[in-house]
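Residue strings, one per chain:
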Amino acid sequence: MVRNEQIISDQWQPSPPNVYKLFFDDAVFSGLNRTGIGTIIRNDKGEVMAAMSAVGPSAKNSEEAELMACRRSLEFAVDAGFSSLIIEGDNANVIQAISSSLPNNSFLGCVVDDIRHLIHGLSWARTNQIRRGGNTVAHVLAQFARNLDKDLVWIEDSPPLTLVALFHDVSLL
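Scope of this entry: the structure provided in the associated data block.

Criteria and thresholds
- Residues numbered from 1 in each chain as written.
- Predicted model: local features only at pLDDT ≥ 70, side-chain atom pairs only at ≥ 80, totals over all residues.
- Heavy atoms only, no water.
- Phe/Tyr/Trp six-rings, centres within 6.5 Å; stacked < 30°, edge-to-face > 60°.
- Helix = DSSP H or I, 4+ residues; strand = E, 2+ residues; numbered from the N terminus.
- Buried < 20%, exposed > 50% of the residue type's maximum accessible area, 1.4 Å probe, protein only.
- Axes fitted to C-alpha atoms, helices over the stretch in contact; angles between N-to-C directions.
- Parallel < 35°, antiparallel > 145°, perpendicular 65-115°, else oblique.
- Left-handed = near helix turned anticlockwise from the far one by under 90°.
- Contact = heavy atoms within 4.5 Å.
- Nonpolar A, V, L, I, M, F, W, Y, C, P; charged D, E, K, R; others polar.
- Expected span 1.5 Å × (residues − 1).
- Polar contact = N/O pair within 3.5 Å; in protein donor to acceptor, adjacent residues only side chain to side chain.
- Salt bridge = Lys/Arg side-chain N within 4 Å of Asp/Glu carboxyl O.
- Arc of directions from axis to C-beta.

Digging into the packing of aromatic side chains
This model, assessed by the stated rule, comprises one aromatic pair. The interplanar angle of 70° and the centroid separation of 5.0 Å between the aromatic rings of Y20 and F82 together place this pair among those described as edge-to-face. Residue Y20 is found in strand β2 (residues 20-29), and its partner F82 is found in the loop between α1 (62-79) and β5 (84-89); the two are separated by 62 residues along the sequence. According to the relative accessible area criterion, Y20 is partly exposed, its value standing at 25%. Its relative accessible area of 12% is what places F82 among the buried residues.

So this is what it looks like as structure tokens:
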């Protein structure tokens, strides 16, 4: 089951018990001909279960970069063994596209189809569109990829560069 919700919030909200939140974001580095991908997976207490800062391919626009970040983040989550996810991103068009059951005939339709396939392979999923302020940790991880030569992954550990943003999220509850 996939449900789409519009969450209009500038702060992180916990997930229900036994469900994890996957936040993804992108950063476009035009002069470097590549993008950055930030992914964070948190439990209902706000604890980091997995995180990734990755180098992505160049993108024609921010929507393409965001879709590629979503696909890469879902692949990471599936590989790490997560099967019940709330998938949150800050691009309304991307969340709408991946949540819809209608065919996507755009030039990015194959990426949308890949994402939908990954989502339907989960045991439970929901998508949420949030504001950038609720996605700060993933944004920090995406920006960090600017200077990476290879992807960095953290499992059950908080990436040091995100500690301030993580603390801020939990302190608001």
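Structure's up, so let's keep going.
Some words on the packing of α1 against helix α3 (residues 109-120)
Contact geometry for α1 and α3: axes closest at 10 Å, N-to-C directions at 25°. Compared by their axis directions, α1 and α3 come out roughly parallel. Here the hand of the crossing between α1 and α3 comes out left-handed. Each of L67, M68, C70, R71, L74, E75 and V78 in α1 lies in contact with α3, whose residues at this interface are V111, V112, D114, I115, L118 and I119. Here the contact of α1 with α3 is composed, by residue class, of ten nonpolar, no polar and three charged.

Considerations on α1
Relative to the 26 Å expected for 18 residues at 1.5 Å per residue, α1 spans 25 Å between its end C-alpha atoms, a close match to the ideal helical length. By the burial criterion, the buried members of α1 are E64, A65, E66, L67, M68, A69, C70, S73, L74, F76 and A77. The N-terminus of α1 is capped by N61, whose side-chain oxygen sits 3.1 Å from the backbone nitrogen of E63. After α1 finishes, the residue G81 shows a positive phi value of roughly 95°.

A few points about the packing of α1 against helix α2 (residues 92-99)
The interhelical angle for the contact between α1 and α2, taken along N-to-C directions, is 50°, at an axis separation of 9 Å. Taken together, the axis directions place α1 and α2 in an arrangement best described as oblique. In this structure, the crossing between α1 and α2 has a hand that is right-handed. Facing α1, whose interface residues are E63, E66, L67 and C70, α2 presents N93, V94 and I98. Across the contact of α1 with α2, the residue classes tally to four nonpolar, one polar and two charged.

Topic: the pattern of salt bridges
Counted according to the given criterion, the structure contains three salt bridges. With a closest N to O distance of 3.0 Å, D114 and R71 form a salt bridge. Note that D114 is positioned in helix α3 and R71 in helix α1, a separation of 43 residues in sequence. Residue class for D114 comes out partly exposed when judged on its relative accessible area of 34%. With relative accessibility at 22%, the residue R71 sits in the partly exposed group. Here D151 and R72 are joined by a salt bridge, their closest N and O atoms 2.1 Å apart. With a gap of 79 residues between them, D151 in the loop between α4 (136-144) and β7 (152-155) and R72 in helix α1 connect regions that are remote in the sequence. Overall, the relative accessible area of 30% leaves D151 in the partly exposed class. When its relative accessible area of 24% is taken as the criterion, R72 is described as partly exposed.

Here's the deal with α2
Buried within α2 are the following residues: V94, I95, A97 and I98. Across the axial projection of α2, the buried residues extend over an arc of 165°, all falling on one side. Two or three places before N93, at the opening of α2, N91 has a side-chain oxygen 3.0 Å from that residue's backbone nitrogen.

Note that every value here comes from positions in space, so none of it alone points to a role or purpose.
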